[in-house]
Amino acid sequence: MDIFYSDLFVEQHATEQFFVLTNFAVDVAAIGGLLIFWEILAQTLKKSSRRRGGTWLQNFRFYRLVRSFLVGLMLGGLNHMWYRILDTYLHEFNIPTLIMKVIIDQDSGAPFMRSCNLFVTSVLEGHSLSTIYHDWKPSALNKPDWRIMYTTQFINFFYLQSRTRTIYVHCVAFVINCYLLYKRYAAQSNAHAADSVHGRPSATD
C-alpha cells in the first residue's frame, strides 16, 4: 500500500512538472511569436509612412525578426516565473491580496521587465553600456497609462488562471502598442503628405 501511494505521488508530481514545463514553453513561444508579428507590423507601417522605394521585401530587415524573437523568449520566461512567484506567495483569493498583487506587479515587476527589455534589445542592437545606461532611466520609469494597466492586472489576477497570465498581459500590451504605433506613423504620413504638397523636404526622409 505504501508503495502504491508512493508511485501515485511520483506520477502526480511528474504530471504536474510536465504541465508546468509545457505552460512555460507555450508562454515563451507565444511571446516570441507575438514580438515577431509586432516587428513585421512596425516595419510595414514605417515603410508606408516614409514611402520608400522598392518592394516590401527589399526594404525589410529580417535580422530584426531574430532580435524580436530572442527578446520575446526572454520576456516570456521572465513573466512566467514572475507570475508563478506572485501566485505562490500571494495565493489567498480576496480583495486585499489582489490589490497587493497588482501594486507589487506594477511598481516592481513591470519596471524590471521594461528594464530587461531595454537592456537585451540594446545589447542585440550593438549599443555600448554607456548608451544603454543613458537610455535606461527614462525608459524604465516611463509607465503606461496606470488606469489601463492596473485594470488589466486586476482582471488578470481576479478572473484568469495562472497559466494564461503571461499571454493575456502581452496581448493587451500588444494591442495598446499597435494603437500607439499606428497613431505615430499615421501622423508622420500626414506630415509627409503635407510637406510634399508645399514642396518642403520631409522630416522623416
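Residues numbered from 1 in each chain as written. Predicted model: local features only at pLDDT ≥ 70, side-chain atom pairs only at ≥ 80, totals over all residues. Heavy atoms only, no water.

Draft legend 1. Region of interest: the overall build of the chain. The helix and strand tally for the chain stands at seven helices and zero strands. Counting across all 205 residues of the chain, residues that qualify as buried make up 33%. Across the chain, every contact between residues at least 6 apart in sequence was considered, and the portion connecting residues at least 24 apart equals 71%. (Helix = DSSP H or I, 4+ residues; strand = E, 2+ residues; numbered from the N terminus. Buried < 20%, exposed > 50% of the residue type's maximum accessible area, 1.4 Å probe, protein only. Contact = heavy atoms within 4.5 Å.)

Draft legend 2. Summary view of the environment of G72. Assignment of secondary structure puts G72 in helix α3 (residues 63–89). Here G72 falls in the buried class, since its relative accessible area comes to 0%. For G72 and G32, which are 40 residues apart along the polypeptide, the C-alpha to C-alpha distance reads 3.8 Å.

Draft legend 3. Region of interest: a nonpolar patch on the surface. Taken together, the side chains of V66, F69, L70 and L124 make up a nonpolar region of the molecular surface, amounting to roughly 320 Å² of accessible area. Considering the arrangement of structural elements, one finds F69 in helix α3. (Patch = residues over 30% accessible without salt bridge, like charges linked within 9 Å, V, L, I, M, F, W, Y side chains within 5 Å. Areas by Shrake-Rupley, 256 points an atom, 1.4 Å probe, with all protein chains shown as cover. Salt bridge = Lys/Arg side-chain N within 4 Å of Asp/Glu carboxyl O.)

Draft legend 4. Examining the packing of helix α4 (residues 95–124) against helix α6 (residues 146–159) more closely. Here α4 crosses α6 at 130°, and the two axes come no closer than 9 Å. Accordingly, the angle class assigned to the pair α4 and α6 is oblique. In terms of crossing hand, the pair formed by α4 and α6 is right-handed. In contact with I95, L98, K101, V102, I103, D105, Q106 and D107 of α4, α6 contributes M149, Y150, Q153, F154, F157 and F158. Across the contact of α4 with α6, the residue classes tally to nine nonpolar, two polar and three charged. (Axes fitted to C-alpha atoms, helices over the stretch in contact; angles between N-to-C directions. Parallel < 35°, antiparallel > 145°, perpendicular 65-115°, else oblique. Left-handed = near helix turned anticlockwise from the far one by under 90°. Nonpolar A, V, L, I, M, F, W, Y, C, P; charged D, E, K, R; others polar.)

Draft legend 5. Representation of α4. End to end, α4 covers 41 Å across 30 residues, agreeing with the expected 44 Å (1.5 Å per residue, within 8%). Maximal helix bending in α4 amounts to about 40°, located at D105. The first or second residue beyond α4 is G126, which carries a positive phi of 85°. (Expected span 1.5 Å × (residues − 1). Bend = angle between axes of the 7 residues up to and from the residue.)

Draft legend 6. How the structure looks around the pattern of salt bridges. In the structure shown here, the tally under the stated rule is five salt bridges. Put simply, R67 and E39 hold a salt bridge, and the shortest N to O gap is 3.7 Å. Taken together, the residues R67 in helix α3 and E39 in helix α1 (residues 2–50) connect sequence positions 28 residues apart. Residue class for R67 comes out buried when judged on its relative accessible area of 12%. Among the charged side chains, a network of salt bridges with common partners joins E39, R64, R67 and E125.

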